[in-house]
Amino acid sequence: MIIAANWKMNLGQAEGAILIQGLNMHADRWSDISIVICPPAPYLLAMRDIAHSEFHIGGQTCHGKLFGAHTGHVSAAMLADCGADYVIIGHSERRQSDGESGSVLLEQAKCAIDAGLRIIYCVGETLEDRQAGRESEVVSGQLADIQDLLNSGDVPVIAYEPVWAIGTGQVASVPDIEAMHNFIKSETSRIMGASDMPQILYGGSVKPDNAEAILSIRSVDGALIGGASLDADGFATICDYAQKVSR
Ligand code: PGA
């Protein structure tokens, strides 16, 4: 099971360090799960330096080229150089506010693989899509965008994050999560063959009080957590549930 913390553009370096130190002391309790902390890019190196050696560090995005004249961007090679071993690709906030299209995301994903990073690839429908009954079609299209990657046998982690559940406190229902995770599994096995199935995380308003129910769903292999990852005690509670259901 993977529990990933997406800090987004939150916390200063000192606050991040306090948060990580608060998690470090519990790390030995979480031997059966992988914890991935994704801080803002300028703090990657500092957080890698203080995080428990069992914790993974991840970037929140990367550029679609490894080096070059791309002012303000951070490449997958640079993330890896700072000690990251994961990167989130295709988060809905980047798809929406930074206009990242499927072809851009594929380039980013290829660079991440070249740099030796493991990808957490986000998919998910908007409220409008769901109300129109288009959620499967949308997610299927987002998976098709990285078909080249899936065909080449590079197995990403997939995060199903319904856009309407992110940061809103509104969580998808257990049957809806189950149905979409099963759909993603069948789509990826159709593209890749059944040999190397990706792990599928759920994301969208996961909190200490709903984490146990979500993580207990058979087709849920972990969670991608935004708001609740900014509080050491709350995040630790979620990790404890993940450890409990991983046993
Ligand atoms: P949230 O964010 O947990 O605050 O809803 C999840 C995400 O954006 O990955």
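The structure we're discussing is the one just above.
What about the site of the ligand?
Taken together, 13 residues surround the ligand, and among them Lys-8, His-91, Glu-161, Gly-167 and Ser-205 come closest. In the model, an oxygen atom of the ligand is placed 2.7 Å from a nitrogen or oxygen of the Glu-161 side chain. Ser-205 places a polar main-chain atom, nitrogen or oxygen, 2.7 Å from an oxygen atom of the ligand. Here the ligand, which alone exposes 280 Å², has 97% of that area covered by the protein. The site holding the ligand turns out to be the second largest pocket. By residue class, the composition of the shell around the ligand is four nonpolar, seven polar and two charged.

Points about the packing of helix α10 (residues 208-215) against helix α11 (residues 232-246)
As a packed pair, α10 and α11 sit with axes 9 Å apart at the nearest point and diverge in direction by 20 degrees. It follows that α10 is roughly parallel to α11 by the angle criterion. In the packing of α10 onto α11, the handedness of the crossing is right-handed. Contacts from Pro-208, Ala-211, Glu-212 and Leu-215 of α10 reach α11 at Gly-234, Thr-237, Ile-238, Tyr-241, Ala-242, Lys-244 and Val-245.

Here's the deal with the pairing of strand β7 (residues 200-203)
Side chains of β7 alternate between two faces, with Ile-200 and Tyr-202 and Leu-201 and Gly-203 buried alike. Considered for its hand, the β-α-β crossover made up of β7, α10 and strand β8 (residues 222-225) is right-handed.

Points about helix α9 (residues 174-192)
Here α9 is 19 residues long and its end C-alpha atoms lie 26 Å apart, about the 27 Å a rise of 1.5 Å per residue gives. Phi for Gly-193, located one or two positions after α9, is positive at around 85 degrees.

A few points about the layout of surface pockets
Space inside the largest pocket adds up to approximately 660 Å³. Along its surface, the largest pocket is lined by 30 residues, and Ala-41, Gln-60, Thr-61, Arg-94 and Asp-98 are the ones closest to its centre. Contributions of two or more residues to the lining of the largest pocket are made by α4 (92-97) and α5 (102-114). Classifying every residue of the lining of the largest pocket by side-chain character gives twelve nonpolar, eleven polar and seven charged. Considered as a void within the structure, the second largest pocket measures approximately 160 Å³ in volume. Surrounding the second largest pocket, 16 residues form its lining, Lys-8, Gly-167, Ser-205, Gly-226 and Gly-227 being those nearest its centre.

Points about the packing of aromatic side chains
A full pass over the atoms with the stated rule returns two aromatic pairs. On the basis of an interplanar angle of 25 degrees and a centroid distance of 6.4 Å, the ring pair of Trp-30 and Phe-55 is categorised as stacked. Separated by 25 residues along the polypeptide, Trp-30 in the loop between α1 (13-24) and β2 (34-38) and Phe-55 in the loop between α2 (44-50) and β3 (56-59) bring together distant segments of the chain. Each member of the pair, Trp-30 together with Phe-55, is buried.

Some points on the nonpolar core
Ile-3, Leu-23, Ile-184 and Leu-215 are the most contacted members of the largest nonpolar core, which totals 64 residues. Looking at this core, the element that brings in the most residues is α11, giving six residues. Formed by twelve residues, the second largest nonpolar core is a distinct cluster that contains Ile-2, Val-157, Ala-159 and Leu-201.

Overview of the sheet that holds β8
With respect to topology, eight strands assemble into a closed barrel ordered β1-β2-β3-β4-β5-β6-β7-β8, the strand pairing being parallel. Each strand of the sheet is rotated relative to its neighbour by a mean of 25 degrees, with strand direction disregarded. As paired elements, strand β1 (residues 2-6) and β2 share five bridges and run parallel to each other. Each bridged residue has a counterpart across the sheet, and for Ala-5 the counterpart in β2 is Ile-37. Across the sheet, α11 is in contact with β1, β2 and β8; its angle to β1 comes to roughly 160 degrees.

What counts and how
Residues numbered from 1 in each chain as written. Predicted model: local features only at pLDDT ≥ 70, side-chain atom pairs only at ≥ 80, totals over all residues. Heavy atoms only, no water. Near = heavy atom within 4 Å. Polar contact = N/O pair within 3.5 Å; in protein donor to acceptor, adjacent residues only side chain to side chain. Areas by Shrake-Rupley, 256 points an atom, 1.4 Å probe, with all protein chains shown as cover. 1 Å grid on protein atoms, 1.4 Å probe; cavity = no way out; pocket = protein on both sides within 12 Å on 5 of 7 lines; lining within 4 Å. Sits in = over half its atoms within 2 Å of the grid points. Nonpolar A, V, L, I, M, F, W, Y, C, P; charged D, E, K, R; others polar. Axes fitted to C-alpha atoms, helices over the stretch in contact; angles between N-to-C directions. Helix = DSSP H or I, 4+ residues; strand = E, 2+ residues; numbered from the N terminus. Parallel < 35°, antiparallel > 145°, perpendicular 65-115°, else oblique. Left-handed = near helix turned anticlockwise from the far one by under 90°. Contact = heavy atoms within 4.5 Å. Buried < 20%, exposed > 50% of the residue type's maximum accessible area, 1.4 Å probe, protein only. Right-handed = clockwise from strand over helix to strand, strands pointing away. Expected span 1.5 Å × (residues − 1). Points joined across faces, edges and corners; volume = space filled by probe spheres on them. Phe/Tyr/Trp six-rings, centres within 6.5 Å; stacked < 30°, edge-to-face > 60°. Core = buried A, V, L, I, M, F, W, Y, C linked by side-chain atoms within 4.5 Å. Pairing = 2+ DSSP bridges.

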